[in-house]
Amino acid sequence: MSQNDTSKPLITVAGASSKQGRSVANALLDSGRYRVRALTRSLDSQPAQALAKKGAEVVVAPLELGRRAELTEAMKGSAGAFLMTPPIVKVPPAEIELTLGKELADAAVAAGVEHVVFSGLENVEAITGGTKWAPHFTDKAKIVDYIRGLPIRSSFVYLAFYYTNFLEYYVPQRTKDGINFAIYLPPDIPMPFCDPLTAPGPAVREIFDNPERYAGEVLPVIGEFISARQMVETFERVTGKRARYVSAYSREDLLRHFPGFASDEHLVRELVGMVEYAVEYGYYAPRRDLTWSRKVDPNALTWEQFLKRSKWQGDLLSYGAAEPELAPT
Ligand SMILES: NC(=O)c1ccc[n+]([C@@H]2O[C@H](COP(=O)([O-])OP(=O)(O)OC[C@H]3O[C@@H](n4cnc5c(N)ncnc54)[C@H](OP(=O)(O)O)[C@@H]3O)[C@@H](O)[C@H]2O)c1
């Protein structure tokens, strides 16, 4: 079995049962060039068991504050580590995600890891002069800055919006005239999207395959740029179901279509801040290479391919790892 071949570099995947973590672990294992250690809170979850069956060494190491020593222990012997932070609702002034990201990176350094790939996002606070509040972006950018100051080689993947957001969190609503597909974006502005279950893996594998080439780089991971209206039209074409685009872009529209979010004012502020940022400033900072991930993975799924492959018909779907109370960010 590949895991016994210690000539292959060991890569630890933090949050291995997350959508992106699974993609990374699977891509590394599928290549046959790496051993994978998968960190999780629970050995019993379906994603953890699937990775174990595929040959990953599954280790309990929760992505929680105050566990630096455990995380260090869990990363020992690894040549590389993929680091990600789980969805965390921001309740200021707490900086849970920022602190967790720093602890993860510190653990990688303490464990003697040579190269970390962190899943980051842009610094919305800096780009917008503090006018938009999207701390799950900004905190990731601050983690990126922190990691750059550590004595470790680092690279960063910045994932586009997930296609799966509509399956897990912003589920279309059925009416007697068809489906109301409420989307958190205006109708005609193309935005970057990706499939988090398949897109991050090839990108991260490419980085570990060529560590020197990608040292210090920020690499966007994108399936395609597509507008909200095009997403709905594609959904109609692929599923044969009648659907119409409905705006959930403004705060009022968001809460009208997804009243459940109203119970968490911070989450609502964060979602609105994030989409306003993306629409007004662009999801990615200027000069990012928006073509890189497709060159690395020409088979990266478009929305149409994602719909065909997933056979999604517009219903709520869970990926077996996210918890119901977690933020759709
Ligand atoms: N949605 C988007 O459009 C989008 C786009 C770009 C980036 N992102 C970012 O992607 C990240 C989420 O990635 P994902 O969607 O792949 O994750 P996910 O599928 O929701 O999985 C999150 C994982 O983190 C662990 N986890 C969940 N809650 C936790 C908690 N309270 N404490 C400790 N561990 C916990 C769980 O693993 P175990 O149970 O195995 O420990 C779970 O599998 C977020 O940081 C988000 O900001 C999202």
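Residues numbered from 1 in each chain as written. Predicted model: local features only at pLDDT ≥ 70, side-chain atom pairs only at ≥ 80, totals over all residues.

Student: Help me get a handle on the overall build of the protein chain, residues and values and all.
Tutor: In terms of regular secondary structure, the protein chain is built from 13 helices and 13 strands. For 329 residues, the compact-globule estimate of 2.2 N^0.38 gives 20 Å, and the protein chain sits close to it at 19 Å. Summarising its shape, the C-alpha atoms of the protein chain cover approximately 60 × 40 × 35 Å along the three principal directions. (Helix = DSSP H or I, 4+ residues; strand = E, 2+ residues; numbered from the N terminus. Rg over C-alpha atoms; globule rule 2.2 N^0.38 Å.)

Student: Report on the nonpolar core, specifying residues and quantitative values.
Tutor: Membership of the largest hydrophobic core comes to 98 residues, with the highest contact counts inside it found for Val13, Ala25, Ala38, Phe82, Leu83 and Val221. Excluding residues within four positions of it along the chain, Ala25 makes contact with Val13, Ala16, Val36, Ala38, Leu51 and Ala56. (Core = buried A, V, L, I, M, F, W, Y, C linked by C-beta atoms within 7 Å. Buried ≥ 20, exposed ≤ 12 C-beta atoms within 10 Å, placed from the backbone. Contact = placed C-beta atoms within 7 Å.)

Student: Hey, could you go over the sheet that holds strand 1 (residues 10–13) for me, with residue numbers and the actual values?
Tutor: Within the open sheet, the seven strands sit side by side as 3-2-1-4-5-6-11. Their pairing is parallel. Two strands close off the open sheet at either side, each with one partner strand: strand 3 (57–60) and strand 11 (218–221). Each adjacent strand pair in this sheet contributes to an overall mean axis angle of 20°, direction not counted. Pairing analysis gives four bridges linking strand 4 (residues 80–83) to strand 5 (residues 115–120), with the strands arranged parallel. Looking across to strand 5, one finds that Leu83 is bridged to Phe118. Where helix 4 (residues 96–110) meets the sheet, its contacts fall on strand 4 and strand 5, and the angle it forms with strand 4 comes to roughly 175°. (Pairing = 2+ DSSP bridges. Axes fitted to C-alpha atoms, helices over the stretch in contact; angles between N-to-C directions.)

Student: Lay out the sheet that holds strand 10 (residues 191–194) in plain terms, naming residues and giving numbers.
Tutor: Read across the open sheet, the three strands follow the order 7-10-12; overall the sheet is mixed. The sheet terminates laterally at strand 7 (161–162) and strand 12 (224–226), the two strands that pair on one side only.

Student: Account for the confidence of the model for the protein chain, with residues named and values stated.
Tutor: Across the protein chain, pLDDT averages 94, with 96% of residues at or above 70. Across the protein chain, the secondary-structure element scoring lowest on mean pLDDT is strand 8 (residues 173–175), at 93, and the one scoring highest is strand 6 (residues 153–159), at 99. (pLDDT = per-residue confidence, 0-100.)

Student: Before we move on, could you go through the pairing of strand 10 and cite the residues and values that matter?
Tutor: Every regular strand shows the same layout, with side chains that alternate between the two sheet faces. Neither face of strand 10 is left uncovered, since the one carrying Met191 and Phe193 and the one carrying Pro192 and Cys194 both have all their residues buried. Taken together, the three bridges between strand 10 and strand 12 define a ladder with antiparallel strand orientation. Within strand 12, the position partnered with Phe193 by the bridge is Glu224.

Student: Could you give me a rundown of the environment of Gly101, with the residues and numbers involved?
Tutor: Counting through the fold element by element, Gly101 comes out in helix 4. With 38 residues separating them in the primary sequence, Gly101 and Leu63 have C-alpha atoms 9.1 Å apart. Apart from residues no more than four positions distant in its own chain, Gly101 is found in contact with Thr85, Lys140 and Ile143.

Student: Can you lay out the packing of helix 3 (residues 68–75) against helix 4 for me, pointing to particular residues and giving the numbers?
Tutor: Running from N to C, helix 3 and helix 4 cross one another at 45°; their axes reach a closest spacing of 8 Å. By the angle class used here, helix 3 and helix 4 are oblique. Crossing of helix 3 against helix 4: the hand is right-handed. Of helix 4, the residues touching helix 3 (which contributes Arg68, Leu71, Thr72 and Met75) are Glu103, Leu104, Asp106, Ala107, Ala108 and Ala110. (Parallel < 35°, antiparallel > 145°, perpendicular 65-115°, else oblique. Left-handed = near helix turned anticlockwise from the far one by under 90°.)

Student: I'd like to hear about helix 8 (residues 200–209), residue by residue, with values.
Tutor: For an α-helix, the turn length of 3.6 residues means that residues three or four places apart are oriented alike. Of all 10 residues in helix 8, nine are buried; the element is thus mostly enclosed. If you check which residues of helix 8 are buried, you get Pro200, Gly201, Pro202, Ala203, Val204, Arg205, Glu206, Ile207 and Phe208.

Student: Please provide a residue-by-residue account of the packing of helix 9 (residues 228–239) against helix 13 (residues 303–310), values included.
Tutor: The contact between helix 9 and helix 13 brings their axes to 10 Å, and the two run at 35°. In terms of crossing hand, the pair formed by helix 9 and helix 13 is right-handed. Along its contact with helix 9, which presents Met231, Thr234, Phe235, Val238 and Thr239, the element helix 13 presents Trp303, Glu304, Leu307 and Lys308. Across the contact of helix 9 with helix 13, the residue classes tally to five nonpolar, two polar and two charged. (Nonpolar A, V, L, I, M, F, W, Y, C, P; charged D, E, K, R; others polar.)

Student: A description of the environment of Ala300 should follow, citing residues and the corresponding values.
Tutor: Among the structural elements, Ala300 can be located in the loop between helix 12 (292–296) and helix 13. The class for Ala300 is buried, based on 21 C-beta atoms found within 10 Å. Separated by 72 residues in the primary sequence, Ala300 and Ala228 have C-alpha atoms spaced 19 Å apart. Those residues within four positions of Ala300 in sequence are excluded, and the remaining contacts are Ala199, Gly223, Ser293 and Arg294.

Student: Residue-level account of unusual backbone geometry, with values.
Tutor: We note that Arg287 has phi near 75°; this positive angle belongs to a residue other than glycine. Mapped onto the elements of the fold, Arg287 is located in the loop between helix 11 (265–281) and helix 12. The class of Arg287 is exposed, set by 7 C-beta atoms lying within 10 Å.

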